[in-house]
Amino acid sequence: MSTKDFLVRAARKEPVDRVPVWIMRQAGRYMKEYMAIRKNYEFMTLCRTPELAAEISMQPIDVIGMDAGIIFSDILVPVEAMGIKVTFEKDHGPKLHNPITNYDDVVALKIPEPDVDMPFVAESIKLFREKLDDKLPVLGFSGAPWTLAAYMIEGGGSRNYTKIKSLMFNDKKTFDLLMEKTTETVVKHLYAQIKAGTSMVQIFDTWAGCLAYDDYVKYAFPYEKEVITRLKKLTDVPVTLYINGCGNILEKMVETQADVLSIDWMVDLKDAKNRVGKKVALQGNMDPCCLYGSPESVKQKTLETLNKFGKETGYIFNLGHGILPDIPVENVKVMVDTVKNF
Ligand code: CP3
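So, how was this worked out
- Residues numbered from 1 in each chain as written.
- Predicted model: local features only at pLDDT ≥ 70, side-chain atom pairs only at ≥ 80, totals over all residues.
- Heavy atoms only, no water.
- Helix = DSSP H or I, 4+ residues; strand = E, 2+ residues; numbered from the N terminus.
- Rg over C-alpha atoms; globule rule 2.2 N^0.38 Å.
- Buried < 20%, exposed > 50% of the residue type's maximum accessible area, 1.4 Å probe, protein only.
- Contact = heavy atoms within 4.5 Å.
- Lys, Arg positive; Asp, Glu negative; His and termini not counted.
- Charge placed at Lys NZ, Arg CZ, Asp CG, Glu CD.
- Near = heavy atom within 4 Å.
- Polar contact = N/O pair within 3.5 Å; in protein donor to acceptor, adjacent residues only side chain to side chain.
- Areas by Shrake-Rupley, 256 points an atom, 1.4 Å probe, with all protein chains shown as cover.
- 1 Å grid on protein atoms, 1.4 Å probe; cavity = no way out; pocket = protein on both sides within 12 Å on 5 of 7 lines; lining within 4 Å.
- Sits in = over half its atoms within 2 Å of the grid points.
- Points joined across faces, edges and corners; volume = space filled by probe spheres on them.
- Core = buried A, V, L, I, M, F, W, Y, C linked by side-chain atoms within 4.5 Å.

**Focus: the overall build of the protein chain**
So, step 1. Of regular secondary structure, the protein chain possesses 16 helices and 9 strands.
So, step 2. The C-alpha radius of gyration of the protein chain comes to 19 Å, within 12% of the 20 Å expected for a compact globule of 342 residues.
So, step 3. The principal-axis extents of the C-alpha atoms in the protein chain amount to approximately 55 × 45 × 40 Å.
So, step 4. Scored against the burial criterion, the 342 residues of the protein chain give a buried share of 56%.
So, step 5. Across the protein chain, the fraction of contacts at a sequence separation of at least 24, relative to all contacts at a separation of at least 6, is 72%.
So, step 6. On the protein chain, the mean spot of the 44 positive side-chain charges and the mean spot of the 46 negative ones are 2 Å from each other.

**Here's the deal with the site of the ligand**
So, step 1. Taken together, the neighbourhood of the ligand is formed by 23 residues, with R25, R29, Y34, R38 and D74 sitting nearest.
So, step 2. Between the ligand and the protein, one listed contact pairs an oxygen atom with a side-chain N or O atom of R29 at 2.5 Å.
So, step 3. Between the ligand and T206, the relevant distance is 3.1 Å, taken from an oxygen atom to a side-chain nitrogen or oxygen of the residue.
So, step 4. Protein contact buries 89% of the 890 Å² of open area that the ligand shows by itself.
So, step 5. With respect to the detected pockets, the ligand is housed in the largest pocket.
So, step 6. Sorting the residues of the shell around the ligand by element identifies α2 (32–38) and β3 (93–96) as the ones contributing at least two each.

**Quick word on the layout of surface pockets**
So, step 1. Empty space within the largest pocket amounts to approximately 1300 Å³.
So, step 2. As for the largest pocket, its lining consists of 43 residues, of which R25, R29, F43, D74 and F88 are closest to the centre.
So, step 3. Looking at the lining of the largest pocket, the elements that each hand over two or more residues are α2, β2 (86–89) and β3.
So, step 4. Per element, the largest residue contribution to the lining of the largest pocket is 3 residues, and it comes from α2.

**Looking at the nonpolar core**
Across soluble globular proteins, you tend to see nonpolar side chains buried next to one another.
So, step 1. Counting 126 residues, the largest nonpolar core has W146, L261 and V332 as its most contacted members.
So, step 2. The residues contacting V332, other than those within four sequence positions of it, are I23, Y30, I64, M66, L291, I323 and I327.

**Comments concerning the environment of V239**
So, step 1. Its location among the elements puts V239 in strand β6 (residues 239–242).
So, step 2. With 172 residues separating them along the chain, V239 and D67 place their C-alpha atoms 17 Å apart.
So, step 3. Non-local contacts of V239, meaning those with residues more than four positions away in its chain, are made with V201, I203, I228, L231, K232, A258, D259 and V260.

Nothing here speaks to function; it is geometry throughout.
Encoded structure:
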């Protein structure tokens, strides 16, 4: 079994020798190697420069040794290509300068052509694959339609998502067109990454966990499902779906036909395994904050997580959300090594 295929095999629930591991946001601020590059460039410039993006994607592989690389980019890259200016203010997260306020704003949005409007994404993937020398799989990703729409309307991160929820409940026409355009964008963006050579893709519907059950079913789920259904007609590359706060909607998420569900730490992994049955693989779900503990406790928490799933295939170790900027690298290494030795 080639090392390259092994994480993908776990995603397909085919036999594997051990549990594979990677980490959401594995290339980022907790690494001094990233900060050394970051101090010279704006974040979006890094995303748009294939040589830098490929170099950053490689950093956690070289220093820590995950079983897959994820391409360095952001879920807001296609949002910018749709026509909304995005910047990252220091310590304040993303800022969208001309958020959507009405129907005409949505009409004006462009559906980007990846080869023309975001060619650096495929270029970064190709360079990263060369650096990896075909030894590990490259993961691609996109925000899901609902989470992208939420950002485009809220203008940045949000506590209560009041603007997108108001739009959902008040203005069906605008909401529907926005979802139609983001869905089209996401399918094209993911398929372009697959054509550039990613072995798997992950869809982040990070904020959909803030929806009431019925609203998830009505406003986020159909678009997740449409993206996945359309991709499945184009390719057999496995698709992972991540939602933060997915405990209440796990069974519904299975219906999207995703190959892997990436779950947050508030769900019990053993319970999740029983609930999703044989249909789908799972990824996750250690609390990123466990990595603030001592190396001993990190090892303990990692083993606890691993034991919840057991040694069957159909499991990819990860955190329950992205790694945080001030986490000690030594602890990440302890976690990854613990998984590899399990
Ligand atoms: O996983 C990886 O290593 C690949 C790269 C990646 C980034 N963002 C790089 C990044 C991926 C997969 C993302 C996804 C992403 N981006 C999500 C979905 C996953 C999640 O964490 O919920 C979301 C919601 C975003 C939007 C975004 N980008 C936010 C909210 C922020 C700021 C957050 C913060 O912690 O300050 C970003 C910035 C960002 N994206 C950074 C990185 C490495 C830090 C930017 C910096 O260097 O200043």
